[in-house]
Amino acid sequence: MLTESVDFFRLDANRKLDPERRSELGQFMTPAATARLMASMFAAKAETIRLLDAGAGVGSLTAAFVSEVCGREEKPKSIHATAYEVDPTLIEYLKTTLDQCRKSCETAGIGFEWRAIEGDFVDDAVRQLRQEMFAPVERYQCAILNPPYRKINSDSETRLRLREIGIETSNLYAAFLSIVVMLLESDGELVAITPRSFCNGPYFKPFRKMLLDSLAIRRIHVFDSREVAFKEDEVLQENVILYGVKSGTRDAQVTITSSSGPDDDFFAVREIKYAQLVRPGDPERFIHVVPDELGASVAEKLGQLSWTLREHDLEVSTGRVVDFRATAFLREFPGAETVPLIYPRNFENGFVVWPKPGGKKPEALARLPGAGELLVPKGMYVLVKRFSAKEENRRIVAALFDPDRVDAEWIGFENHVNYFHRRGGGLPRKLARGLAAFLNSTLVDLYFRQFSGHTQVNATDLRNLKYPTRSQLEALGSRLGEAFPEQTELDAFVEEALNLPEPTNVPDPVKAKKRIDESLAILKDLGLPREQQNERSALTLLSLLDLKPDTHWTDAEAPLMGITPMMEFFEEHYGKKYAPNTRETVRRQTIHQFLEGGIVVINPDKPDRPTNSPHAVYQIEVSLLKLLRTFGTAKWEKGLKNYLASMETLKRKYAQEREMKRIPIQVAEGKIITLSPGGQNILIERIIADFCELFATGGRLVYVGDTAHKWAYFDEPLLQALGVTVDVHGKMPDVVVFLEPKNWLVLIEAVTSHGPVNPKRRGELQRLFKGCRAGLVFVTAFLERSSMVKYLNEISWETEVWVAEAPTHLIHFNGERFLGPYEASEDDA
């Protein structure tokens, strides 16, 4: 496919790009799965489509758009694509991609013209828009983009140029989107993947105003994890895909979808009114991206709070001590003339612990001239981490600084800490304790995650929150003892103190999240593979137990459940609505593994019902049901141990099944061997089934290696007939195929944990097969492209590369012919 072919360009280009230059330009190119998802959002109904791809990279997005429209029943008559790219390293890839797009369109009967503009998109667009009074500006019906992400200094040339056309923004991605919206014609469509940070916060307010005044948002897609959209580039960023129509009506519904990743077809879907996305009269124009009804109930609950920090006579600030600027004051240990220095590492179970030996950070600040402006006076403070660690379950992590626990007249708070204060000093004790409890509640954490588009907690975010009344916070504070309660107890205190009405027609968000988290913990305890330790599987388990957010584990049941009723249960009781066409994902990616692990049984009411029947039903296994009814009690740990001892952990059971489930391979007419499961043998099976079928048709297998036993199959007489007697201690390739019509001997390395055919390995194979009367052809095989990219620098010229996830393609590394032998040089031999 076109998108897969272009994705190889992306991987190869990433290898060549200078990392510092990439960082400078904010370049993170779009993987194929993300590009396909973006392209699928366009209506693209015009007969002639003018397409803009600003910051095109190697052209992945244009290729995905072309693939999408070429595959539709109603195709445009022609596409005119304009693609901008500033990096000269990428421009040739881009031109090749655009030419491949032209060929794909020709095959589909669509005209295709293209322009690849090597230059700065912002410069060129600003020039065009400034001259709009004197010359017409080209407008576009469709724009698809993954804009660069980097900050723009207020006095930079780029910022000054943007101001010439009325754009005020602090980040380049917002500048790209602003310009693209200006270049769209009326009713033109925009699809862009961007950081989520523009949805709120003061920095992006001018951009939000421009965007929302000009564009009607029709769909927003969010990813459950911040790691997935640009996983190969190791980018940790909350991203959204935005689809909107210029000058479109705001009366239409907005679709919010979410998935675990771009290639996950298990989509949660929520249809909302435009007023739920952008609240009428909101001066900040915040964009509320809430992907499910559970999130909506969080917003509804906290929306009933009305007090601001100002009404509490409170302020929140960022810690004053920036350690690398205060090196003269830093002291490793406390001393006579020092004060405590508090970092996030000093947070422990809801309180600040100081001193805290064993860390790498300094413990104290010296009381030297100039240190006073970095300090706050003795008092009760509430601290919040600006950045949460990976292992922490909450985004907002608060702790009490209690002067009864840390006795000091002055304190320094480091810059990675936010602190609540009253006019620079401490807070009343009950108020501070209640505030810390409120901030540490599950309800606040859930709200903040959906409200905030970035992964840090800034003072501005905390200022924008609404808070309980003073009496509510003080009542909550009076419930705290000398130790912070467990999360469940804390949430109960918060619910009781706030006494908020329950949301209408939606589940209680705190109880629902608690049940889902408990279900995930159970799946982990049972030893389920990581691929099934997810929300989908947790909800499936809850549905099979008829366990609603208010139902106790002791009341778990064992109803007969089909896939559709399970998904209806997800929606009704946990606010998670998934697209109807995702039923098969539940069956393949959760129920199948539950069956293999003995968690459920199929069709107990009618065992002769076909397993693939649309009426198939599933039921929780009886001994597991008995165990699950003890979850959360003193009997759980012992019961789990006994259950696993009798049933085996799922991990061990899966391992035993893999040992029994060897891989059958037909190596010759009437002869089948089996390979041990796992390892590179999965790839070897694909090589024989797919590569040989496509590129070595009619070939005879000479040798097949096995992960567990090296010589799984060896036609020694055939190899001897070709003039080769191999050393049994020699390092054989994984698969050897003789292609008699061409007199080629194809040597294939299956790369999973070991390396490819690099120049050294090529020389070894030439020596091992020296004297062969057939021409030697060298092939490196990978399971997926992401594995291949790790070895691109090593692969030898004049060899071939085959990737199992795109089996119909073969990649040739230079040389004068495609898939064929070369004469060995003296150096090689």
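See the structure printed just above.
Worth saying up front: this structure is predicted, and the values here are computed from it rather than measured.

What counts, and at which threshold
- Residues numbered from 1 in each chain as written.
- Predicted model: local features only at pLDDT ≥ 70, side-chain atom pairs only at ≥ 80, totals over all residues.
- Heavy atoms only, no water.
- Helix = DSSP H or I, 4+ residues; strand = E, 2+ residues; numbered from the N terminus.
- Buried < 20%, exposed > 50% of the residue type's maximum accessible area, 1.4 Å probe, protein only.
- Salt bridge = Lys/Arg side-chain N within 4 Å of Asp/Glu carboxyl O.
- Pairing = 2+ DSSP bridges.
- Axes fitted to C-alpha atoms, helices over the stretch in contact; angles between N-to-C directions.
- Contact = heavy atoms within 4.5 Å.
- Parallel < 35°, antiparallel > 145°, perpendicular 65-115°, else oblique.
- Nonpolar A, V, L, I, M, F, W, Y, C, P; charged D, E, K, R; others polar.
- Core = buried A, V, L, I, M, F, W, Y, C linked by side-chain atoms within 4.5 Å.

Draft legend 1. Representation of the side chain of Asn-440. Structurally, the position occupied by Asn-440 is in the loop between helix H12 (429–439) and helix H13 (442–451). Residue classification places Asn-440 among the buried positions, given a relative accessible area of 2%.

Draft legend 2. Looking closely at the pattern of salt bridges. This model, assessed by the stated rule, comprises 42 salt bridges. In this structure, the salt-bridge partner of Asp-402 is Arg-429, at a minimum N-O distance of 3.1 Å. With a gap of 27 residues between them, Asp-402 in the loop between strand E18 (398–401) and strand E19 (410–413) and Arg-429 in helix H12 connect regions that are remote in the sequence. Assessed through its relative accessible area of 35%, Arg-429 is described here as partly exposed. Put simply, Asp-404 and Arg-429 hold a salt bridge, and the shortest N to O gap is 3.0 Å. On the criterion of sequence distance, the pair formed by Asp-404 in the loop between E18 and E19 and Arg-429 in helix H12 is long-range, its members being 25 residues apart. You can call Asp-404 exposed: its relative accessible area is 62%. Bridged by salt links that share partners, the residues Asp-99, Arg-102, Lys-103 and Glu-106 form one connected network.

Draft legend 3. Examining the pairing of strand E25 (residues 700–704) more closely. Within E25, 4 of the 5 residues are buried, which leaves it mostly tucked inside the rest of the structure. The sheet contact formed by E25 and strand E27 (residues 735–739) spans 4 bridges and is antiparallel. Bridged to Tyr-703 within E27 is Val-736. Inspection of the sheet shows E25 paired to strand E26 (residues 713–714) by 2 bridges, in the antiparallel sense. Looking at E26, one finds that Tyr-703 is bridged to Phe-714.

Draft legend 4. The sheet that holds strand E2 (residues 78–85), seen in detail. On the basis of which strands lie adjacent, the open sheet formed by 9 strands has the order E3-E2-E1-E4-E5-E7-E6-E8-E9 and mixed pairing. Whereas interior strands pair on both sides, the edge strands pair on one side only; in this sheet they are strand E3 (111–118) and strand E9 (268–272). Averaged over all pairs of adjacent strands, the angle between their axes in this sheet comes to 15°, without regard to strand direction. The pairing of strand E8 (residues 254–259) with E9 spans 5 bridges and is classified as antiparallel.

Draft legend 5. Quick look at the environment of Ile-411. Tracing the sequence through the fold places Ile-411 in strand E19. Between the alpha carbons of Ile-411 and Val-376 there is a distance of 5.4 Å; along the sequence they are 35 residues apart. Beyond its immediate sequence surroundings of up to four residues, Ile-411 is in contact with Pro-340, Ile-342, Leu-374, Leu-375, Val-376, Pro-377, Lys-378, Tyr-381 and Phe-401.

Draft legend 6. Region of interest: the sheet that holds strand E30 (residues 799–803). Pairing is mixed across the open sheet formed by 7 strands, whose spatial order is E26-E25-E27-E28-E29-E30-E31. Both edges of this open sheet fall to E26 and strand E31 (810–813), since each of them pairs with a single strand only. Bridge analysis of strand E29 (residues 775–782) against E30 gives 4 bridges, and the strand direction is parallel. Looking at E30, one finds that Thr-780 is bridged to Val-801. In the packing of helix H24 (residues 681–695) onto the sheet, the strands contacted are E25, E27, strand E28 (744–751), E29, E30 and E31, and the crossing angle to E28 comes to about 145°. Those strands touched by helix H26 (residues 759–768) are E28, E29 and E30, and its axis lies near 135° from that of E29.

Draft legend 7. How the structure looks around the packing of H12 against helix H15 (residues 470–479). Running from amino to carboxyl end, H12 crosses H15 at an angle of 85°, the nearest separation of the two axes being 7 Å. It follows that H12 is roughly perpendicular to H15 by the angle criterion. In this structure, H12 contributes Lys-430, Leu-431, Arg-433, Gly-434, Leu-435, Ala-437 and Phe-438 to the contact, and H15 contributes Arg-470, Leu-473, Glu-474, Leu-476, Gly-477 and Ser-478. Its residues assigned to classes, the contact of H12 with H15 shows 6 nonpolar, 3 polar and 4 charged.

Draft legend 8. Quick look at unusual backbone geometry. In this structure, Pro-355 follows Trp-354 across a cis peptide bond, with omega equal to -5°. Checked against the element boundaries, Pro-355 lands in the loop between strand E14 (351–352) and strand E15 (364–366). In this structure, Asp-187 is a non-glycine residue whose phi angle is positive, near 70°. Summarising the element assignment, Asp-187 is placed in strand E5 (residues 184–195). Backbone geometry places Asp-546, a non-glycine residue, at a positive phi of 50°.

Draft legend 9. Looking closely at the nonpolar core. Of all hydrophobic cores here, the largest spans 49 residues; its most connected members are Phe-121, Ile-179, Ile-220, Leu-277 and Ile-287. Sort the elements by how many residues they give to this core and helix H8 (residues 172–183) lands first, with 10 residues. Leaving out residues up to four positions away in the same chain, Ile-179 has contacts with Phe-121, Val-122, Ala-125, Leu-129, Leu-162, Ile-165 and Ile-167. Judged by nonpolar contacts, the second largest core, of 46 residues, contains Ala-299, Leu-305, Leu-431 and Leu-473.

Draft legend 10. Just helix H18 (residues 535–544), in detail. The buried fraction of H18 amounts to 9 of the 10 residues, a majority that puts the element mostly inside the structure. Listed as buried for H18 are Arg-536, Ser-537, Ala-538, Leu-539, Thr-540, Leu-541, Leu-542, Ser-543 and Leu-544. Residues of H18 that are buried sit in contact with helix H17 (509–525), helix H19 (563–574), helix H20 (583–596), strand E21 (600–602), strand E22 (618–620) and helix H21 (622–628). Remark: Asp-546 follows H18 within two positions and exhibits a positive phi of approximately 50°.

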